[in-house]
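Structural description and commentary
One letter stands for each residue in the lines below.
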Amino acid sequence: MFSETYRKGNSFLHRLDPRLKIIYLLFFSVIFFLPVPLMKYYAVFSLIFISSLFATGLGDLLKPVKIITPLLLLITVLTPLFHSGGDVLLSSGNMIILTSDGLRETLQLIGRFLGVTILFFIFLRTTRIDDFILALRYFGLSHRIALVITITVRYIPYLLSVYENTVDAHKMRLTVFSIIPGRWNFSAKFRDLLSVLTSVLIQAVKGIPVLAMALETRGFGRKNPPGRLRKMRSMKKLLPDIILSFFLFLIIVYYVFI
Amino acid sequence: MTDSDKFTNTAAFRVASIAVLSAIVAIFTIAVRIPVAPTRGYINLGDVAIFFAAFIFGPVTAFIAGGLGTAIADILGGFGQWAPISFVVHGLQGFIIGLVYNIILRKEEAGGKAGIFLQGLLPFVAGASVMVAGYFAAGIFMVGPGAAALEIPGNVFQNLAGVIGGISLAAAVKKAYPPVVKFRW
């Protein structure tokens, strides 16, 4: 299911250990929410953007930007209205449209939202879900929660196909909207949708006891520790990456704050 | 305690119910979307599934399933940057709805009568307050107060659809599959 977000590749971001990628994600996310000068802010953003370009290419990297473009326009239009401090840059009669404070805040919000969006996009684009869960396990995620995430991810395509099959079945039985396709009736459409969702829910809920029994049969709930199919790279092998990342963090922190 | 009560108390049952409900929340969020301009880009029926989970399965399942399901849906829908926020906000929303509904159920067990209106109104107010306030607070930091405020009407509408759909679905599923009433923990 996560194949929609993960794209196979051989870039350095694809090869980077997922545990380090999680630390990078947190580190840069925090920087985007700190009050740092605008120039430094966009310098960090450029670093992330250029690194991401090598991993995905421009076309792919612009996809999340296209999704958030309407929101970026809204930020551009609405944010200056909330900031009247600083020099007046644009006015119409007595009405102040844009001030220096408003412009700075707008640019900061745009940079922040773009930066965070690209950070998460590139993380999910270059990290497989099983690697992500293994990394979370390394950082202390419990076996049960990891199991819940794994089952959820595996169940989504199944339930999606149940939903699609149910919609098709309802269409074949000529429900309200199949009979009068041109007419738009909200309450009838809502009722129609609810009957589809009820069928999906009953199918899903009935499967819970069966899934629970399957888990018990596979040994879930036993006292002995669970086995692992895959293991992550040892810390020894990861040492060069850790040292390199440490110096990179140090340089960025020095540049941003000093 | 009957055999089925014992069964619903097992860790395997709890893991299975949370996982299936998380998948349901994700499907409801992904499959049915009404596009809107502000912030997250679309109104969805994820809240219907969260209300359903809280009404049928209780606050803990609704907390994890609501948070995890919406976070996964955000990731799959290309809104990964909202996933941590969705996890916290929708998780808390599910938990609060479940808690309020627990109080109503206890009152009814003690002989009181809440009525269908109150059964829907109190969870709606509690759930909508948490969700709207949570997204607004997060939105202020992410996109600024102007864009964050534009999202409020959509979120209220989403909760309204959630409570209406959640109550209807809970009643329909209880009728079609009566053992589900024992799944609450």
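**Topic: the overall build of chain A**
- Along the backbone of chain A there are 10 helices and 2 strands.
- When the helices and strands of chain A are placed in sequence order, the string is α-α-α-α-β-β-α-α-α-α-α-α.
- Principal axes of the C-alpha set define a box for chain A whose edges measure 65 × 65 × 30 Å.
- By residue count, 25% of the 258 residues in chain A fall in the buried class.

**A short note on the overall build of chain B**
- Secondary structure assignment for chain B yields 8 helices and 2 strands.
- Listing every helix and strand of chain B by position from the N terminus yields α-α-β-β-α-α-α-α-α-α.
- Relative to its length of 185 residues, chain B is compact, with a C-alpha radius of gyration of 16 Å against a globular reference of 16 Å.
- When its C-alpha atoms are laid out on the principal axes, chain B stretches across 55 × 35 × 25 Å.
- A buried classification covers 56% of the 185 residues belonging to chain B.
- Once local pairs closer than 6 in sequence are excluded, the contacts in chain B between residues at least 24 apart make up 70%.

**Notes on the interface of chain A and chain B**
- Counting residues at the interface gives 49 residues for chain A, matched by 47 residues for chain B.
- Elements with a contribution of two residues or more to the side of chain A that touches chain B: α4 (58-78), α5 (100-126), α7 (143-172) and α9 (186-217) of chain A.
- Top contributing element to the side of chain A that touches chain B by residue count: α9(A), with 15 residues.
- Grouping the amino acids of the side of chain A that touches chain B by side-chain chemistry returns 38 nonpolar, 7 polar and 4 charged.

**Description of helix α5 (residues 83-109) of chain B**
- If you check α5(B), its first and last C-alpha atoms are 38 Å apart, about what 27 residues at 1.5 Å a residue would give, namely 39 Å.
- The first or second residue beyond α5(B) is Gly111(B), which carries a positive phi of 110°.

**Some details on the pairing of strand β2 (residues 95-99) of chain A**
- Judged from the 4 bridges that link them, strand β1 (residues 88-92) of chain A and β2(A) form a sheet pairing that is antiparallel. Bridging from a neighbouring strand, Leu90(A) pairs with Leu98(A) of β2(A).

**Regarding the packing of helix α3 (residues 38-56) of chain A against α4(A)**
Residue and element names in this part refer to chain A.
- At a closest axis distance of 7 Å, the pairing of α3 and α4 adopts a crossing angle of 120°. The pairing of α3 with α4 is recorded here as oblique in orientation. Across the interface between the two elements, Ser 52, Leu 53 and Thr 56 from α3 touch Leu 58, Asp 60 and Leu 61 from α4.
- Along the lines of polarity and charge, the residues of the contact of α3 with α4 split into 3 nonpolar, 2 polar and 1 charged.

**Some words on the confidence of the model for chain A**
- Put simply, chain A has an average pLDDT of 85, and 92% of its residues get 70 or more.
- For chain A, helix α8 (residues 176-179) of chain A is the element with the lowest average pLDDT, namely 50, and helix α2 (residues 18-32) of chain A is the one with the highest, namely 93.

**Details of the nonpolar core**
All names here are of chain B.
- Counting 103 residues, the largest nonpolar core has Ile 24, Phe 52 and Ala 53 as its most contacted members.
- Ranked by residues supplied to this core, first place goes to helix α2 (residues 11-31) with 15 residues.
- Residue contacts for Ala 53: discarding those within four places in its chain leaves Leu 21, Val 25, Thr 61, Ala 62, Ala 65, Gly 66 and Gly 94.

Cut-offs used in this document
Residues numbered from 1 in each chain as written. Chains lettered and ligands numbered in written order. Predicted model: local features only at pLDDT ≥ 70, side-chain atom pairs only at ≥ 80, totals over all residues. Helix = DSSP H or I, 4+ residues; strand = E, 2+ residues; numbered from the N terminus. Buried ≥ 20, exposed ≤ 12 C-beta atoms within 10 Å, placed from the backbone. Rg over C-alpha atoms; globule rule 2.2 N^0.38 Å. Contact = placed C-beta atoms within 7 Å. Nonpolar A, V, L, I, M, F, W, Y, C, P; charged D, E, K, R; others polar. Expected span 1.5 Å × (residues − 1). Pairing = 2+ DSSP bridges. Axes fitted to C-alpha atoms, helices over the stretch in contact; angles between N-to-C directions. Parallel < 35°, antiparallel > 145°, perpendicular 65-115°, else oblique. pLDDT = per-residue confidence, 0-100. Core = buried A, V, L, I, M, F, W, Y, C linked by C-beta atoms within 7 Å.

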